[in-house]
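Examining the three-dimensional arrangement
Take a look at the letters that make up each chain.
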Amino acid sequence: MLMRDSLQAAFAAAVDDVAMSALSDMLGTLRQADDIDSALLNASARINRLLGHAANGMLTGELRPEAGVLPLLEWNASDAARVLLLLEAIAHPGVEPQRVVHAYFKGGDESERAAVVRGLAMLPAPAEHHAVALEAGRINSLRLYTALALNNPYPAGFYSEHEFNQVVLKSLFTGLDIGRTVGLVRRANPELSQMCRDYVEERENAERDVPHAIWLALAPHMDAAGERQLIRYLGDADAAHRYYTAVAAGRLATQSPALQQAMQERRMQEGETDILAVLND
Amino acid sequence: MKYFDSHIHMLSRTTDDYENMAAAGVIGLVEPAFWQGQPRTQPGTFIDYYDSLVGWERFRASQFGMRHFCTIGINPKEANDVALAEQVMKLLPRYLEKDGVVGVGEIGYDDITDAEERFFAEQLQLAKEMNLPALVHTPHRDKVTGTQRTLALVREVGIPEHLVVVDHLNEQTLPLVLDTDCWRGHSVYPHTKMSEERMVALLKQYGTDKMIVNSAADWGRSDPLKVPKTGAAMLAAGFSEVEVEKVLFENPINYYAQSGRISLEEMSRPPIDQTQLYEQNSVLRGQQPLVE
């Protein structure tokens, strides 16, 4: 099934017939437009009013574009409708998809931009829209940044190693849960581990909290200093640190003797059942 | 005690802040050009912003007993809009000649991209050619790498290191800069960056030479009185008043004095005359003008 059809099915499951009909009419109008940029922005701006109460209906399931799994759990019906409008617009005869996507992003408000970013991985030739993704990552809107960085396969699928590392680091910096970063295990690398190790040290120097999920990015390619940090937090008073260090350590293909010993000692002492389950997995 | 805040974004602060800073002993400040919280999209936005830094904001400061200077540059975030940045670069030489401009800044890395590096290097080159100080922002994330890349670029461009202040340093990044002739900037914030206590610890450990402390106060959760508060913390920790004024008044002024447009000798509190206008605009809102 085409990406568009799959998204349309997920949309239909989240809304009623009235909303479905409204979207179909809008898509039909867009198909006839002369000025596709303006028509797309105008249609997009009307989406919430047209969908009414259905606009906030949440989607379920996932899509599987080339870049990886695209969970739909944070998409609402407005997001889906806007991406469907965008797909319709870039299929318009004679348009340059890259230009249309960029114009929509630039002309849209925060929620429209978030919808574009959510849908980038499922557009045809998604790598062409790399600049839009990067620009979204520079804007200090947490709503927009979350749309890019979490539950979105685009960074893992199309970013360079440096770009991907910056997405993860900024997610940690802004307090987001990198456990929801698609492709984190696959794209983990030594430089990312070092950046995370430095960030742990920086936070400790400032006597500020260390992000709980940082271990998921630090552990895969950690050096000796990183391992010492992880082992220390394996026994931390904060259960969330004990949980994430255990998860991160458990994902390693091999564990050093020091880490194995630390894990064994933790198994003997851990009282939280969910953490114990991870340790024993 | 006299203070000078080397890095503060007064455009985002109120006149209450000017009054409170003046009352706390802050004589003057440098306001670096930076980003406004969301991306600028036109060169004209930069023109209007630069004009306000050398114009209205300088006047507004004077109306409350503060000497206002600024640095001009294109910041690392907006350097990533290459087409726009190229247009803005053409504006810089003109603005760098204006009264009250004491350096290029704030420049540097944000996400450490190729575009950021290009315009960082071009502006370091501009500072070198015009023999002006260059105020460098080290990134909020991946600070160690950003500082290392900064120092490498300074060497590559060949700007004299003593013209460069590397700002927003912390326990991890200050040692990197100590190996150079660059000045060492630190920003004290309520909840992020440095604190007064940590700053005092660094001064005790590394001394006071070329050490600069600022508030970097902006539109976020920040405190324009962090320089005097750091002074109080230094005194409480056993530093002398001479040492406090060295770090918090003399060092920043002497650093920017390399521009030839500011000096320790002239740095006194300006007399207030609120009958003055700037392009027919007044700071008064119905109150009686204060004239000293």
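For the structure given in this document, a descriptive report is provided here. (Residues numbered from 1 in each chain as written. Chains lettered and ligands numbered in written order. Predicted model: local features only at pLDDT ≥ 70, side-chain atom pairs only at ≥ 80, totals over all residues. Heavy atoms only, no water.)

1. A short note on the overall build of chain A
For clarity, the threshold we go by: To qualify as a helix, a DSSP run of H or I must reach at least 4 residues; to qualify as a strand, a run of E must reach at least 2; elements of each kind are numbered from the N terminus. Accessibility here uses a 1.4 Å probe with only protein chains present; expressed as a share of the type maximum, an area under 20% marks a residue as buried, one over 50% as exposed, and anything in between as partly exposed. The criterion used for residue contact is that any of the two residues' heavy atoms lie within 4.5 Å. A 1.4 Å probe and the Shrake-Rupley method give the accessible areas. Residues count as covered only by the protein chains that appear here. In this charge count, Lys and Arg are treated as positive and Asp and Glu as negative; neither His nor the chain ends contribute. Lysine's charge is taken at NZ, arginine's at CZ, aspartate's at CG and glutamate's at CD.
Across its full length, chain A carries 17 helices and two strands. Projecting the C-alpha coordinates of chain A onto the three principal axes gives extents of approximately 65 × 35 × 35 Å. Every one of the 281 residues in chain A was classed for burial, and the buried ones make up 55%. Taking contacts inside chain A between residues at least 6 apart in sequence as the whole, the part at least 24 apart equals 67%. Here chain A displays about 12300 Å² of accessible surface, and carbon together with sulfur accounts for 49% of that area. Between the mean site of the 25 positive side-chain charges and the mean site of the 37 negative ones, chain A shows a separation of 1 Å.

2. Remarks on the packing of aromatic side chains
What characterises a pair of aromatic rings is the spacing of the ring centres plus the angle enclosed by the ring planes. Applicable threshold: Pairing of aromatic rings covers Phe, Tyr and Trp, the last through its six-membered ring, and needs centres within 6.5 Å; plane angles under 30 degrees mean stacked, over 60 mean edge-to-face, and all others mean tilted. Definition used: whenever NZ (Lys) or CZ (Arg) falls within 6 Å of the ring centre and also within 35 degrees of the ring normal, the charge is taken to sit over that ring.
This model, assessed by the stated rule, comprises 16 aromatic pairs over all chains. On the numbers, 5.2 Å between centres and 85 degrees between planes, the contact of A:Y243 with A:Y244 is edge-to-face. For A:Y244, a relative accessible area of 18% corresponds to the buried category. Grouping aromatic residues by their ring pairs yields a cluster made of B:F46, B:Y49, B:Y50 and B:Y95. Just above the ring of A:F173 sits the side chain of B:R141; from NZ or CZ to the centre is 5.8 Å.

3. Some words on the interface of chain B and chain A
This is how the line gets drawn: Here the quantity called buried area is the total loss of accessible area, with a 1.4 Å probe, experienced by two parts when brought into contact, counted for both. A pairing counts as a salt bridge when a side-chain nitrogen of Lys or Arg comes within 4 Å of a carboxyl oxygen of Asp or Glu.
Opposite the 18 residues of chain B that make contact, chain A presents 15 residues. Around 1700 Å² of area is buried between chain B and chain A when both sides are counted, 46% of it from carbon and sulfur atoms. Per-residue buried area on chain B facing chain A is highest for B:R141, B:D142 and B:Q172; these three make up 34% of the total on that side. In this structure, the connection of chain B to chain A is made through zero salt bridges.

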